[in-house]
Amino acid sequence: MAFLVQLLFRLMAMAVDFLLLVFAFGGYSNGGDGGYRGSGYNPSFENADEYPPSQEHVQAPPPKEIDLNDLANKKNREHYTVEDKRNIYAMLLARNGEGSRLKKGVLDSIVRDGNCSRRCVQRIWKETKTGGGVNAVKNNRKLNAGRKKIRLDIEALEAIPAGERTTIRQVAGGLNMSKSTVHRRLKEKVMRRITSELKPALTEANKKARVKYSLDNLEPCSLEDNPTFKAGFNKVHLDEKIFYRTRKTQNIYLSHREEAPRRECKHRNHIQQIMFLSAMARPRYDAQGKCVFDGKIGVWAFVDWVQAKKKSANRLRGEWELRPSTSVDRDKSREYIVQKMPKTLPEIVQKVNESLAQYPHRKLNRIWLSHQACMREIIKHKGSQHYDPPHLKKKTLERRGLLPVRLTVDKDYVDAAIQYLNSP
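Residues numbered from 1 in each chain as written. Predicted model: local features only at pLDDT ≥ 70, side-chain atom pairs only at ≥ 80, totals over all residues. Heavy atoms only, no water.

**Points about the side chain of Lys-85**
Here's step 1: Inspection of the secondary structure assignment puts Lys-85 in helix α3 (residues 82–96).
Here's step 2: Of the side chains bearing the opposite charge, Glu-127 lies closest to the buried Lys-85, which forms no salt bridge; the N-O distance is 5.4 Å.
Here's step 3: Once residues lying within four places of it in the same chain are set aside, the contact partners of Lys-85 are Tyr-80, Ile-124, Val-137, Lys-138 and Asn-139. (Helix = DSSP H or I, 4+ residues; strand = E, 2+ residues; numbered from the N terminus. Buried < 20%, exposed > 50% of the residue type's maximum accessible area, 1.4 Å probe, protein only. Lys, Arg positive; Asp, Glu negative; His and termini not counted. Salt bridge = Lys/Arg side-chain N within 4 Å of Asp/Glu carboxyl O. Contact = heavy atoms within 4.5 Å.)

**A word on the sheet that holds strand β5 (residues 296–301)**
Here's step 1: Strand order in the open sheet formed by 3 strands is β1-β2-β5, and the pairing between neighbours is antiparallel. The outermost strands of the open sheet, each flanked by one partner alone, are β1 (236–244) and β5. For this sheet the average axis-to-axis angle between neighbouring strands, irrespective of direction, equals 20°.
Here's step 2: Strand direction decides the pairing type here: β1 and strand β2 (residues 273–281), joined by 9 bridges, are antiparallel. Each residue of the ladder has a partner; that of Ile-242, found in β2, is Met-275.
Here's step 3: Each of β1 and β2 is contacted by helix α12 (residues 361–380), which is oriented at about 85° to β2, the strand it contacts most. (Pairing = 2+ DSSP bridges. Axes fitted to C-alpha atoms, helices over the stretch in contact; angles between N-to-C directions.)

**With respect to the nonpolar core**
Here's step 1: Core analysis: the biggest nonpolar cluster contains 14 residues, and Ile-88, Leu-92, Ile-110, Cys-116, Cys-120, Val-121 and Ile-124 have the highest contact counts within it.
Here's step 2: At the level of secondary structure, the elements contributing two or more residues to this core comprise α3, α4 (106–114) and α5 (118–131).
Here's step 3: Dropping the residues within four chain positions of it, Ile-124 is found in contact with Lys-85, Ile-88, Tyr-89 and Val-137. (Core = buried A, V, L, I, M, F, W, Y, C linked by side-chain atoms within 4.5 Å.)

**Points about the confidence of the model for the protein**
Here's step 1: On average, residues of the protein score 79 in pLDDT, and 78% of them are at 70 or above.
Here's step 2: Taken as a whole, residues 24–41 scores under 50 in pLDDT and shows 14 contacts with residues more than four places along the chain or in a different chain.
Here's step 3: Confidence drops under pLDDT 50 across residues 341–345; counting only partners more than four residues distant or on other chains, this segment forms 8 contacts. (pLDDT = per-residue confidence, 0-100.)

**Notes on the side chain of Lys-394**
Here's step 1: Mapped onto the elements of the fold, Lys-394 is located in helix α13 (residues 394–399).
Here's step 2: At a separation of 3.1 Å, a polar atom in the side chain of Lys-394 contacts the side chain of Ser-370.
Here's step 3: In this structure Lys-394 touches Arg-366, Leu-369, Ser-370 and Leu-403, once residues within four positions along its chain are discounted. (Polar contact = N/O pair within 3.5 Å; in protein donor to acceptor, adjacent residues only side chain to side chain.)

**Digging into helix α8 (residues 179–187)**
Here's step 1: Residues of α8 that are buried: Thr-181, Val-182, Arg-185 and Leu-186. All buried residues of α8 fall inside an arc of 145° around its axis, so they share one side.
Here's step 2: In the core, the buried residues of α8 are packed alongside α7 (168–175).
Here's step 3: Within two residues after α8, Lys-189 carries a phi angle of roughly 65°, on the positive side. (Arc of directions from axis to C-beta.)

**Points about the packing of α3 against α5**
Here's step 1: As a packed pair, α3 and α5 sit with axes 10 Å apart at the nearest point and diverge in direction by 80°. One way to sum up the angle between α3 and α5 is to call them roughly perpendicular. Contacts between α3 and α5 involve Lys-85, Ile-88, Tyr-89, Leu-92 and Asn-96 from the former and Cys-120, Val-121, Ile-124, Trp-125 and Thr-128 from the latter. (Parallel < 35°, antiparallel > 145°, perpendicular 65-115°, else oblique.)

**Focus on a nonpolar patch on the surface**
Here's step 1: A cluster of nonpolar residues, Val-236, Leu-238, Val-292, Phe-293 and Ile-297, forms a patch on the protein surface that exposes about 430 Å² of accessible area.
Here's step 2: Sorting the residues of the nonpolar patch by element identifies β1 and β4 (291–293) as the ones contributing at least two each.
Here's step 3: Take Leu-238: its relative accessible area is 45%, and that puts it in the partly exposed class. (Patch = residues over 30% accessible without salt bridge, like charges linked within 9 Å, V, L, I, M, F, W, Y side chains within 5 Å. Areas by Shrake-Rupley, 256 points an atom, 1.4 Å probe, with all protein chains shown as cover.)

**Comments concerning the pattern of salt bridges**
When the charged atoms of two side chains with opposite charge come close together, those side chains can pair.
Here's step 1: Taken as a whole, this structure holds 11 salt bridges when the rule is applied.
Here's step 2: Asp-216 is paired through a salt bridge with Lys-212; the nearest N and O atoms lie 3.1 Å apart. Here Asp-216 and its partner Lys-212 are both found in helix α9 (residues 204–216), 4 residues apart, which amounts to about one turn of the helix.
Here's step 3: Between Arg-366 and Glu-398 there is a salt bridge; the shortest N-O distance is 2.6 Å. Linking Arg-366 in helix α12 with Glu-398 in helix α13, this pair joins segments that are 32 residues apart in sequence.

**A short note on the packing of α7 against α8**
Here's step 1: Where α7 contacts α8, the two axes come as close as 9 Å, and the packing angle between them is 110°. Relative to α8, the element α7 lies roughly perpendicular. Contact residues: Ile-168, Arg-169, Val-171 and Ala-172 in α7; Lys-179, Val-182, His-183 and Leu-186 in α8.
Here's step 2: When its residues are assigned to classes, the contact of α7 with α8 shows 5 nonpolar, 1 polar and 2 charged. (Nonpolar A, V, L, I, M, F, W, Y, C, P; charged D, E, K, R; others polar.)

**Some points on a positive patch on the surface**
Here's step 1: A cluster of like positive charges, contributed by Lys-363, Lys-393, Lys-395, Arg-399 and Arg-400, occupies part of the molecular surface.
Here's step 2: Topologically, Lys-363 is positioned in helix α12.
Here's step 3: Lys-363 gets classed as partly exposed once you look at its relative accessible area, which sits at 39%. (Charge placed at Lys NZ, Arg CZ, Asp CG, Glu CD.)

What follows is the structure, given as structure tokens:
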């Protein structure tokens, strides 16, 4: 009997201890502070007379956006120069003295005032104590740190056939390198990109004719001392140009609300074309630089007025209409040069005439200088067409008032060209 009473008292004591423990920790909890949270728990106690109490939906804050570019380009470590490290060491000596151990608060004050990391200050202090003072403060960073630069082998590039290095992909494959590396070497001007033009083949007679034409444009009195080109004020250049009514393909920039224009023709390989004959001379200026003659003689279209043979939606049968000339031969060209003067023409002819009127005479004057520069290159290369177009910076010279009227040629080139012209 006594044993049962003793066991009962022990069970009661354990129950009391358990209840005290529960009240001490705020009751049962399912993951939050403040006791048990049932399925209908409402912390604001709104609508408490309802059962079960309503639970308001609490929206979690949106996750913070992480910019991967910022993380990739983030500077994780600060590199200090020798001067910066010695300044930190001077601050340590001023606040701590010559002692072997740092005093309390010195490290935090230098980190705050010097805007550096604790690790950097501790390393500087350790290096100066073990290495012998201020001379131990140095920067151990190598001069050429990082990945070594990949060199481009010029001889390997030249060994690749020219027809097999027209793109960066082909060059990278031939050199066994990545495309990005080849592109960086191109930006560094280790290699260069050119546009190779297909030019007509010239015979020996063609080359001599080109040299003779260029030599004929030199002033005869200047051949002995300083060969100089003629000004060309008494010459008229004639040229023929074909304009098509429209193009097969044409790029057009539209908004999202616009529809693409519908372009149609009877046959896309037989687009109507008109040939024009233009006559230009070199502009002339007075002593004050005012243009007295713009050099624009005229532009004429090779067209004929004919009667319509059939009826169409645009005109009746027998009505006169303007049509391009079917053939342009020597007689036709002579007729337009000597006699023909155009009258009212269609829209395309009007646009050509408007373009001619808007063409700047100063640009036309620079074209004549480019003509002289090309003749100079023909004399240098003995009639060959394989030369780089000369760049004279004509606009810059024109702004400064230094644009020449005539160009000169080196006498050695002229003598060599004359000797080539007289060779069998």
